[in-house]
Structure formats: structure tokens, C-alpha cells
Amino acid sequence: MKPSVLLLLLCAALLTVATLASEAYPSGYGTDSCDVDLVPVRQEVYDGGRIIDISHRYMPDMPAFESDEGIGQFLWLPKSMKNGSIANNSEMKMQAHTGTHVDAPGHVFDHYFDAGFDVDTLDLEVLNGPALLVDVPRNKNITAEVMESLNIPKGVRRVLFRTLNTDRRLMFTKKFDSSYVGFTQDGAKWLVENTNIKLVGIDYLSVAAYSDLIPAHHAFLKEREVILVEGLKLDDVKAGIYSVHCLPLRLFGSEGSPLRCILIKG
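Residues numbered from 1 in each chain as written. Predicted model: local features only at pLDDT ≥ 70, side-chain atom pairs only at ≥ 80, totals over all residues. Heavy atoms only, no water.

Pulling in residues and values, what's your account of the environment of arginine 138?
Among the secondary structure elements, arginine 138 is positioned in the loop between β6 (128-135) and α3 (144-150). Considering only alpha carbons, one finds arginine 138 and threonine 163, 25 residues apart in sequence, at a separation of 6.1 Å. Among all residues touching arginine 138, those that are not within four sequence positions of it are Arg162, Thr163, Leu164 and Asp167. Of note is the side chain of arginine 138, whose polar atom sits 3.1 Å from the side chain of aspartate 135. (Helix = DSSP H or I, 4+ residues; strand = E, 2+ residues; numbered from the N terminus. Contact = heavy atoms within 4.5 Å. Polar contact = N/O pair within 3.5 Å; in protein donor to acceptor, adjacent residues only side chain to side chain.)

Run through the nonpolar core, naming residues and quoting values.
Ile142, Phe161, Phe183, Val200 and Phe220 are the most contacted members of the largest nonpolar core, which has 27 residues in total. The set of elements that each furnish at least two residues to this core consists of β6, α3, β7 (158-162), α5 (185-194), β8 (199-202) and α6 (213-221). Excluding residues within four positions of it along the chain, valine 200 makes contact with Val159, Phe161, Phe183, Leu191, Val207, Phe220, Val226, Ile227, Leu228 and Val229. Among the nonpolar cores identified, the runner-up in size contains 23 residues, and Ile52, Val126, Leu234 and Val244 belong to it. (Core = buried A, V, L, I, M, F, W, Y, C linked by side-chain atoms within 4.5 Å. Buried < 20%, exposed > 50% of the residue type's maximum accessible area, 1.4 Å probe, protein only.)

Before we move on, could you go through the pattern of salt bridges and cite the residues and values that matter?
Tallying each qualifying case throughout the model produces 13 salt bridges. Across the pair aspartate 53 and arginine 260 runs a salt bridge, and its minimum N-O distance is 2.7 Å. Taken together, the residues span a long stretch of sequence, with aspartate 53 in strand β2 (residues 51-53) and arginine 260 in strand β11 (residues 256-265) at a distance of 207 residues. Each of Asp135, Arg138, Arg162 and Asp167 takes part in one network of salt bridges that share partners. (Salt bridge = Lys/Arg side-chain N within 4 Å of Asp/Glu carboxyl O.)

How would you sum up α5? Please name residues and give values.
Those residues of α5 not exposed but buried are Gly187, Ala188 and Leu191. With its buried residues spanning 100° around the axis, α5 presents them on a single face. Along its buried surface, α5 packs onto α3, β7, β8 and α6. (Arc of directions from axis to C-beta.)

Below you can see the structure in the form of C-alpha cells.
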């Protein structure tokens, strides 16, 4: 098929989609231009592969904790240039623990919540620096036995754990799956007591196994020394040492926040 014909067919399809109005984007967001110079490029890697985005793109059908329906609509466009406003101005509403996000101690300790240990108090030095991406045995949760078997060198302070969750593409599946892999209480306790790790990252919505949901979180967050990053996108990334950079929003009073995480090679 000739490129010119293909372009015409593509434009026709886009214009058809543009007529399907939605409450969030009444003008058919991203579909009303046939100018090939205006097609946005969405990337997972940058600078020739040196920078890797390990945060998930927020979409209505991304999973939400204990939900079959995903996060649903989270963006609205109450002010639209096509409806007469001088600028487009979106509004957003969703849970703080959605997609790639961070937990503050107040997430599972009410006295820390009341005292003000929110995401604005998290140590950015812990969230940024050298990190080790490791592959976890695929047939079990992260127990004390598994942690010991990983032989993570002393002195490593940031570890991203890739599990069966990545293989199963659970973060790309709308329906929440309680069989995800996470830390058991004894696994979390072993990490806290036997390593120097202060940043724990994992590839689903909770770092804690569903059966040990609160006990594992308590083991991690009790002393307020470990920061938990959940919902990481670790597919197609080689295990090894990187520089990790994760930045939460400065949400005063919130025990969780979406964040953008990237890895930078050597």
C-alpha cells in the first residue's frame, strides 16, 4: 500500500475516533490532527538507552488495589479551548497509592500519620542514588530464606526487586490479582535486620505479600528508616547496578504519592 494511501486511511480513522466525545476530553484528545509532524512520541528509554523510565503510564485500565475495574477515569477537562476557554486545564482525582508510588510511614501507623510523617518528610537522598536491580526466584514470595539466598552485598542501600509480577505483566492487567509476589513478614524483618537497604522497590502495587499485607509493612516502616516504592515497571531492564532517581510530589499531609522513577546507566 502506498504511504499516501496509508496516511489517508489513518487520518480517516483518527477523525472517526475524534467524534467520540468523552466527559474527560470532549474534543477527542490526541485524535484531531492528521499532520504527521504532530504525532507525539512516547518513550520508555532516552539518550540512546542510557535513561530508562521505570514508572508506569497512568491509564484508566491500570490496576487499583483490590479492584476489578482498574483506576477508571482520573482526568477531567472542565476548561477546554474547544469549548471556549482561553486554555486547556485538566483536573485529576485518584488514590495516592496508584500506579508507581511511594509509601510514607503514616500509611500503616496512625501515630506517625498524626505526627505528620507524610511524603513531604521522606529523605530524597534515599530515593536517589546507586541501586541494585535483582531478580527474585519466581516460585515463591520474598521470605527470609529468599532474602538470604540473594546474597546482596553489605553496603548496598537501594534494591529493586523484580519478581514473577513482571513476567505475568500484572501492572498491565486491569483486574487486581491478590496472588502477586511480595515480602512476607519474616522476609521484611530479615532485610531490616541484616542489610543496609533503605530503599525497597517492587513491581506491583504492594511490597507486602497479600497474606502478610500489614505485618510486612509494619516490619519495613516501624523505625521510619526504609522507604517503599511500589508499582515499578521493570520489564526489559537488565539486572545490575544503576543510578535510580525517584521523586514524589510534595503532598503535605499525604501518606502516599505517585512518583516518576528512572534508572540511569553507569
